[in-house]
Amino acid sequence: MYHSKITGLGFYVPDNVVTNDDLAKIMDTNDEWIQERTGIKERRHIKRGEDTTTSMGVKAAKIAIERSGVNNDEIDFIVFATISPDFYFPGPGVALQKELGLKTIGALDIRNQCSGFVYALSVADQYIKTGMYKNILVVASEVQSLGLDMTDRGRGVSVIFGDGAGAAMLSREEDVTKGILSTHLHSEGEYAKELAVLAPGMGGRWVTDIIADNNPEDESYFPYMNGQFVFKNAVVRFSEVINEGLQANNLQVSDIDMLIPHQANLRISQFIQQKFKLRDDQVFNNIQKYGNTTAASIPIALTEAWEQGKIKEGDTLVLAAFGSGFTWASAIIKW
Ligand code: UT7
């Protein structure tokens, strides 16, 4: 039995900064509302033709690979989390395999929304623990901007989301006191429609139906979010899944060196910080700069925290996510 440990991290965000004032030019919103409700000051949006979900994932992955010291031919498997793939199918895992020139290794696509990275990490961790693989590239990348309703109608959702990618190399660790100590995954499909893009889908309205209807009022292919309901569930589930991870490892809240919450809303992170009575240096947030990048938010934040020297050898890290599904998850890591 082995453990898995993160040996390399990388992230990439597009250059194009979209401030709250930029959004106020195209929809009925303002900087004060967005900052007060979400903490977001700006986010990145790709420029069409310059970046895609795959290309951003590749850029983040190259940095993670380089930092890990693992050669491309030593990578055994790809796990790619996204809800915004370049194609309806196949998922971007195979495109990443091609773009990086990797061998014909397996590529698994994960679609677990904001929990996607922690789910992906958990899957990769199991393959490494059993000894099946030694090095797994875990990537999360999202292009939200092209799928948002950028009119007044969509303002409650569109101001929150941003584009970006993060990646981690997960490698075999023989010391079982180090690396990923445990992961905890949950879902509650009863609330699937409280945060969802309902179309196109094979079980409902497919592309041909949408075209045939030709209805300008159609909102079904834009994200819908019951914001306050999602918020209330998020704070409860974040707390539960953090506690679950701590208990599973006989850890106390005081043992947490760094909590990296999915960057859903700064207010959610602050609520959790207060609830667990964590100091500012025990929680890392960067939603102010990037908005909510769904599956990519945790690896982007993790990479930035690491780059800023905020994660040190021996630290106890908690990753926690909540999002559409509902799905929620945590990972406890000894760095
Ligand atoms: O990552 C996945 C998980 N996602 C989350 O965790 C998100 C959870 N939810 C939230 O973060 C918050 O619910 C939001 C930030 C999305 C919204 O904040 P809220 O305090 O719940 O606002 P609200 O939806 O209740 O809207 C309050 C008011 C409404 O106006 P009235 O009805 O009071 O006149 C909205 O129409 O704010 C209005 N509003 C806006 N005003 C300016 C909604 N969006 C905007 C906007 N700019 N962008």
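Residues numbered from 1 in each chain as written. Predicted model: local features only at pLDDT ≥ 70, side-chain atom pairs only at ≥ 80, totals over all residues. Heavy atoms only, no water.

### Things to note about the sheet that holds strand 8 (residues 179–187)
Part 1 of the argument: Spatially, four strands are ordered 8-13-12-11 in an open sheet, and the strand pairing comes out mixed. A strand with exactly one partner marks an edge of an open sheet, and here the two such strands are strand 8 and strand 11 (258–261). The sheet shows a mean angle of 10° between the axes of neighbouring strands, direction not considered.
Part 2 of the argument: Across the sheet, helix 8 (residues 227–248) lies against strand 8, strand 11, strand 12 (316–323) and strand 13 (327–334), angled at about 150° from strand 12, the strand it touches most. (Pairing = 2+ DSSP bridges. Helix = DSSP H or I, 4+ residues; strand = E, 2+ residues; numbered from the N terminus. Axes fitted to C-alpha atoms, helices over the stretch in contact; angles between N-to-C directions. Contact = heavy atoms within 4.5 Å.)

### A short note on the UniProt feature "domain: Beta-ketoacyl-[acyl-carrier-protein] synthase III C-terminal" (unreviewed entry) in the protein
Part 1 of the argument: In the numbering adopted here, UniProt assigns the feature "domain: Beta-ketoacyl-[acyl-carrier-protein] synthase III C-terminal" (unreviewed entry) to residues 246–335.
Part 2 of the argument: Note that residues 246–335 is 31% helix and 22% strand, and that its end C-alpha atoms are spaced 15 Å apart. (UniProt positions renumbered as here; feature names shortened; annotations may be inferred.)

### Concerning the site of the ligand
Part 1 of the argument: Near the ligand you find 21 residues, and of these Thr29, Arg37, Gln228, Asn265 and Asn292 are the closest.
Part 2 of the argument: Between the ligand and tryptophan 33 there is a distance of 3.0 Å, counted from an oxygen atom to a side-chain nitrogen or oxygen.
Part 3 of the argument: Within the side chain of asparagine 292, an N or O atom sits 2.6 Å from an oxygen atom of the ligand.
Part 4 of the argument: For the ligand, the accessible surface in isolation is 960 Å², of which the surrounding protein chains cover 72%.
Part 5 of the argument: Of the pockets mapped on this structure, the ligand occupies the second largest pocket.
Part 6 of the argument: At the level of elements, helix 2 (31–38), helix 6 (155–158) and helix 8 are the ones that each hand at least two residues to the shell around the ligand.
Part 7 of the argument: Top element by residues in the shell around the ligand is helix 8. It accounts for four residues.
Part 8 of the argument: Each residue belonging to the shell around the ligand can be placed in one class, and the counts come to ten nonpolar, eight polar and three charged.
Part 9 of the argument: Both domain 1 (3–176) and domain 2 (180–334) contribute no fewer than three residues apiece to the shell around the ligand. (Near = heavy atom within 4 Å. Polar contact = N/O pair within 3.5 Å; in protein donor to acceptor, adjacent residues only side chain to side chain. Areas by Shrake-Rupley, 256 points an atom, 1.4 Å probe, with all protein chains shown as cover. 1 Å grid on protein atoms, 1.4 Å probe; cavity = no way out; pocket = protein on both sides within 12 Å on 5 of 7 lines; lining within 4 Å. Sits in = over half its atoms within 2 Å of the grid points. Nonpolar A, V, L, I, M, F, W, Y, C, P; charged D, E, K, R; others polar. Domains from an automatic or database assignment.)

### Comments concerning the UniProt feature "active site" (unreviewed entry) in the protein
Part 1 of the argument: The feature "active site" (unreviewed entry), as given by UniProt, occupies Cys114, His262 and Asn292 in the numbering adopted here. Annotated residues spanning 179 residues; largest pairwise C-alpha distance 8.8 Å, indicating a single compact cluster. Of the annotated positions named here, the largest pocket is lined by Cys114.
Part 2 of the argument: Not counting the four nearest positions on each side in its chain, cysteine 114 is found in contact with His262, Asn292, Thr294, Ala295, Ala321, Phe322 and Gly323.
Part 3 of the argument: Along the chain, histidine 262 turns up in the loop between strand 11 and helix 9 (266–275).
Part 4 of the argument: Residues contacting histidine 262, with those up to four places away along its chain left out, are Cys114, Phe238, Ser269, Asn292, Thr294, Ser297, Ile298, Ala320, Ala321 and Phe322.
Part 5 of the argument: A polar contact of 2.6 Å, which involves the side chain of histidine 262, links it to the side chain of serine 297.

### Quick notes on the sheet that holds strand 6 (residues 135–142)
Part 1 of the argument: Taken together, five strands build an open sheet; the order of strands is 1-7-6-4-5 and the sheet is mixed. Across the chains shown, the open sheet's two edge strands, defined by having one partner strand only, are strand 1 (3–12) and strand 5 (106–110). Mean inter-strand twist for the sheet, computed between neighbouring axes without regard to direction, equals 20°.
Part 2 of the argument: Taken together, the eight bridges between strand 6 and strand 7 (residues 164–173) define a ladder with antiparallel strand orientation. Residue isoleucine 136 lies in a different strand from strand 7, and its bridge partner there is leucine 170.
Part 3 of the argument: Packing against the sheet, helix 3 (residues 53–68) makes contact with strand 1, strand 4 (77–81), strand 6 and strand 7, and its axis sits at approximately 125° to strand 1.

### Here we look at the packing of aromatic side chains
Part 1 of the argument: Per the counting criterion, the structure on display carries eleven aromatic pairs.
Part 2 of the argument: Pairing phenylalanine 322 with phenylalanine 326 gives two aromatic rings, centres 4.9 Å apart and planes at 55°, and the pair type is tilted.
Part 3 of the argument: We classify phenylalanine 326 as buried; its relative accessible area is 1%.
Part 4 of the argument: Three or more aromatic residues joined by ring pairs make a cluster, and in this case those are Tyr191, Phe229, Phe322, Phe326 and Trp328.
Part 5 of the argument: Positioned above the aromatic ring of tyrosine 2, the side-chain terminus of arginine 172 is 3.9 Å from the ring centre. (Phe/Tyr/Trp six-rings, centres within 6.5 Å; stacked < 30°, edge-to-face > 60°. Buried < 20%, exposed > 50% of the residue type's maximum accessible area, 1.4 Å probe, protein only. Lys NZ or Arg CZ within 6 Å of the ring centre and 35° of its normal.)

### Quick word on the layout of surface pockets
Part 1 of the argument: Put simply, the largest pocket is a space of about 1400 Å³.
Part 2 of the argument: Taken together, 45 residues line the largest pocket, and the ones lying closest to its centre are Ile83, Ser84, Pro85, Arg111 and Val197.
Part 3 of the argument: Among the secondary structure elements, those contributing two or more residues to the lining of the largest pocket are strand 5 and strand 9 (195–196).
Part 4 of the argument: Class assignment for the residues of the lining of the largest pocket results in 25 nonpolar, 13 polar and seven charged.
Part 5 of the argument: The residue makeup of the lining of the largest pocket includes at least three contributed by each of domain 1 (3–176) and domain 2 (180–334).
Part 6 of the argument: Around the second largest pocket sit 30 residues that line it, and Gly156, Val157, Ile160, Met225 and Gly227 are the ones nearest its centre. (Points joined across faces, edges and corners; volume = space filled by probe spheres on them.)

### Topic: the environment of threonine 177
Part 1 of the argument: Inspection of the secondary structure assignment puts threonine 177 in the loop between strand 7 and strand 8.
Part 2 of the argument: Sequence separation between threonine 177 and threonine 38 is 139 residues, and the spatial gap between their C-alpha atoms is 37 Å.
Part 3 of the argument: Sequence-distant contacts of threonine 177, defined by excluding residues within four places in its chain, comprise His3 and Lys334.
Part 4 of the argument: Side-chain polar atoms of threonine 177 contact the side chain of aspartate 175, separated by 2.6 Å.

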